[in-house]
Amino acid sequence: MTDDPSNSPESKAGSRVPVSVGIMAYNEEVFIQSALEDVINQQQNLVYVDEIIVIISGSIDATEDIARSMALKDSRIRVIIEAERTGKIYSVIHFLKASRNGICVVSSADVLAEVECFDNLAAPLINNPEVGMTGPRVVPRTILRRRTLALRLHEELWEIHHELALTKPKLGELVMVRKKFVDHIPTVSGCDEVMLEAAVIGSGGTLSYAPKAIVHNFGAAKIGEYFRTRSRNHTMHLVTHRKLHYDASTLRLRTIIGPLVTYMVQWPRKFIYIVVLLAFEVAARSRARWSFYRGETKMTWEPTRSARVDS
């Protein structure tokens, strides 16, 4: 394994730490260029982006063409094609094996990072060798002209996740990991961030939430897609609990109540949205239990079309 540069005398003396960035893509022609541009344009005071590996799995759109075009302009970009789509967690493992640095960024192609994101994610890793994984604050964005109920619920959900993560780290949608803590990554479900969390904790590492690191994701604009996404995520958490005895921070609804109350006190005018959000969450989790009992693991899923096409 590559030596961990964050523990070297050079890094402690103040030199920048090299990081490998992996972007996992499946039919992401809408976002892949912006995602790569955000990586290229990162502020690099603590770390520097040494290589960018795009793992493209089973795509049938223009994702590969766009990524290869950008690779011609930046020699750090390398494109790896997976002909068969088996699940994002397998692409993550593929990336980590192909990367050459001890600290890596793992991201989906539909997640955009603000310019100081990587430096803010790196600070806990560099300052504390026991930290094996850091995650940013997720602030949803939309490319659509209208703001639907589903988009509003997606926004409120991530605000509550932020409140939760301040005390009980919930890490995603882009994370930074120290490779020595993720030698053995479980593949029992498709939720890659939770699989990485379980690997870090199982290897004796800790998790750290970095709220000053900001990324943007794009939620479903249609309520049906939003419901299916929430149900799918909870199904994966249930599988992880059953097979690994590892609980995602949002697995149990009761752990969300405290952060939810805190959020409502801060924003009482959002009460009605919180009530609707809770109703959908209860229904989605009930549907997830049915999927779980049927033996589903949700290793693969389709991108949320309504987040990408204004219809």
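I will try to describe carefully the structure that is included in this document. (Residues numbered from 1 in each chain as written. Predicted model: local features only at pLDDT ≥ 70, side-chain atom pairs only at ≥ 80, totals over all residues. Heavy atoms only, no water.)

**Observations concerning the overall build of the chain**
Moving on, step 1. When helices and strands are tallied, the chain shows 10 helices and 8 strands.
Moving on, step 2. Its C-alpha atoms give the chain a radius of gyration of 19 Å, near enough to 19 Å, the size a compact globule of 311 residues would have.
Moving on, step 3. Counting only C-alpha atoms and orienting by the principal axes, one finds that the chain spans roughly 50 × 40 × 40 Å.
Moving on, step 4. Within the chain, the fraction of its 311 residues that count as buried is 56%.
Moving on, step 5. When contacts within the chain are restricted to residue pairs at least 6 apart in sequence, long-range pairs at least 24 apart make up 82% of them.
Moving on, step 6. Surface summary for the chain: the accessible area is close to 13,800 Å², and the carbon and sulfur share equals 52%. (Helix = DSSP H or I, 4+ residues; strand = E, 2+ residues; numbered from the N terminus. Rg over C-alpha atoms; globule rule 2.2 N^0.38 Å. Buried < 20%, exposed > 50% of the residue type's maximum accessible area, 1.4 Å probe, protein only. Contact = heavy atoms within 4.5 Å. Areas by Shrake-Rupley, 256 points an atom, 1.4 Å probe, with all protein chains shown as cover.)

**What about helix α7 (residues 192–202)?**
Each α-helix turn comprises 3.6 residues. Residues three or four places apart therefore point the same way.
Moving on, step 1. Burial analysis of α7 places 9 of its 11 residues in the buried class, the great majority of the element.
Moving on, step 2. Among the residues of α7, those classed as buried are Asp 192, Glu 193, Val 194, Met 195, Leu 196, Glu 197, Ala 198, Ala 199 and Val 200.
Moving on, step 3. Where α7 ends, the next residue or the one after it, Gly 204, has phi of about 90°, a positive value.

**Quick look at the pattern of salt bridges**
Moving on, step 1. Summed over the entire model, instances satisfying the criterion amount to 18 salt bridges.
Moving on, step 2. With a shortest N-O distance of 2.9 Å, Arg 308 and Asp 110 are connected by a salt bridge. One end of the pair, Arg 308, is in the segment after α10 (271–293); the other, Asp 110, is in the loop between β4 (103–108) and β5 (112–113), and 198 residues separate them in sequence. (Salt bridge = Lys/Arg side-chain N within 4 Å of Asp/Glu carboxyl O.)

**Description of the side chain of Glu 156**
Moving on, step 1. Looking at the element boundaries, Glu 156 is found in helix α6 (residues 149–165).
Moving on, step 2. A residue is classified by how much of its surface remains accessible, and Glu 156, at 2% relative accessible area, is buried.
Moving on, step 3. Among the polar contacts listed, one links the side chain of Glu 156 to the side chain of Arg 152, at a separation of 2.8 Å.
Moving on, step 4. Look past the residues within four positions of Glu 156 in its chain and what remains in contact with it is Tyr 263, Lys 270, Tyr 273, Ile 274 and Leu 277. (Polar contact = N/O pair within 3.5 Å; in protein donor to acceptor, adjacent residues only side chain to side chain.)

**Observations concerning the pairing of strand β6 (residues 131–138)**
Moving on, step 1. In terms of burial, β6 is a largely internal element, 7 of the 8 residues being buried.
Moving on, step 2. Note that β6 and strand β8 (residues 206–216) share 7 bridges and pair parallel. Bridging across to β8, Arg 137 finds its partner in Ile 214. (Pairing = 2+ DSSP bridges.)

**With respect to the environment of Thr 240**
Moving on, step 1. Within the secondary structure layout, Thr 240 lies in helix α8 (residues 223–244).
Moving on, step 2. In this structure Thr 240 comes out as buried when scored by relative accessible area, which is 1%.
Moving on, step 3. Taking the C-alpha atoms as reference points, Thr 240 and Gly 190, 50 residues apart in sequence, are found 9.4 Å from one another.
Moving on, step 4. Not counting residues within four places of it along the chain, the set of residues in contact with Thr 240 comprises Val 188, Ser 189, Val 194, Met 195, His 245 and Tyr 246.

**Digging into helix α9 (residues 254–266)**
Moving on, step 1. Buried residues of α9: Ile 256, Pro 259, Leu 260 and Tyr 263, and no others.
Moving on, step 2. Turning to α9, the residues buried within the fold contact α6 and α10.

**What to know about the packing of aromatic side chains**
Moving on, step 1. For the structure shown, the criterion picks out 3 aromatic pairs.
Moving on, step 2. Both rings, one in Phe 292 and one in Tyr 293, keep their centres 5.4 Å apart while their planes meet at 50°; by these two values the pair is tilted.
Moving on, step 3. Classification of Phe 292 by relative accessible area gives buried; the value is 13%.
Moving on, step 4. The ring centre of Tyr 26 lies 3.6 Å from the NZ or CZ of Arg 85, which sits over that ring. (Phe/Tyr/Trp six-rings, centres within 6.5 Å; stacked < 30°, edge-to-face > 60°. Lys NZ or Arg CZ within 6 Å of the ring centre and 35° of its normal.)

**Details of the pairing of β8**
Moving on, step 1. With respect to burial, β8 is a largely interior element, 8 of its 11 residues being buried.
Moving on, step 2. Pairing geometry for β5 and β8, over 2 bridges, is antiparallel. Bridge assignment links Ala 113 to a residue of β8, and that residue is Val 215.

**Notes on the sheet that holds strand β2 (residues 47–57)**
Moving on, step 1. Read from one edge of the open sheet, 8 strands run β3-β2-β1-β4-β7-β6-β8-β5, paired in mixed fashion. Where the open sheet ends on each side, the last strands, each with one partner, are β3 (77–82) and β5.
Moving on, step 2. Inspection of the sheet shows strand β1 (residues 17–25) paired to β4 by 5 bridges, in the parallel sense. Bridge pairing in β4 places Ile 23 opposite Ser 107.
Moving on, step 3. In the packing of helix α3 (residues 63–71) onto the sheet, contacts are made with β1, β2 and β3, and the angle to β3 comes to roughly 155°. (Axes fitted to C-alpha atoms, helices over the stretch in contact; angles between N-to-C directions.)

**So, the packing of α6 against α10**
Moving on, step 1. Between α6 and α10, whose axes approach to 10 Å, the crossing angle comes to 90°. It follows from the interaxial angle that α6 and α10 lie roughly perpendicular. Taken together, the residues of α10 that come into contact with α6 (itself represented by Leu 149, Arg 152, Leu 153, Glu 156, Leu 157 and Ile 160) are Tyr 273, Ile 274, Val 276, Leu 277, Phe 280 and Glu 281.
Moving on, step 2. Considering only residue class, the contact of α6 with α10 consists of 9 nonpolar, no polar and 3 charged. (Parallel < 35°, antiparallel > 145°, perpendicular 65-115°, else oblique. Nonpolar A, V, L, I, M, F, W, Y, C, P; charged D, E, K, R; others polar.)

**Digging into a nonpolar patch on the surface**
Moving on, step 1. Taken together, the side chains of Ile 257, Val 261 and Val 265 present a nonpolar region at the surface, about 260 Å² in accessible area.
Moving on, step 2. For Ile 257, the location among the structural elements is in helix α9.
Moving on, step 3. On the basis of relative accessible area, Ile 257 is assigned to the partly exposed category, the value being 39%. (Patch = residues over 30% accessible without salt bridge, like charges linked within 9 Å, V, L, I, M, F, W, Y side chains within 5 Å.)

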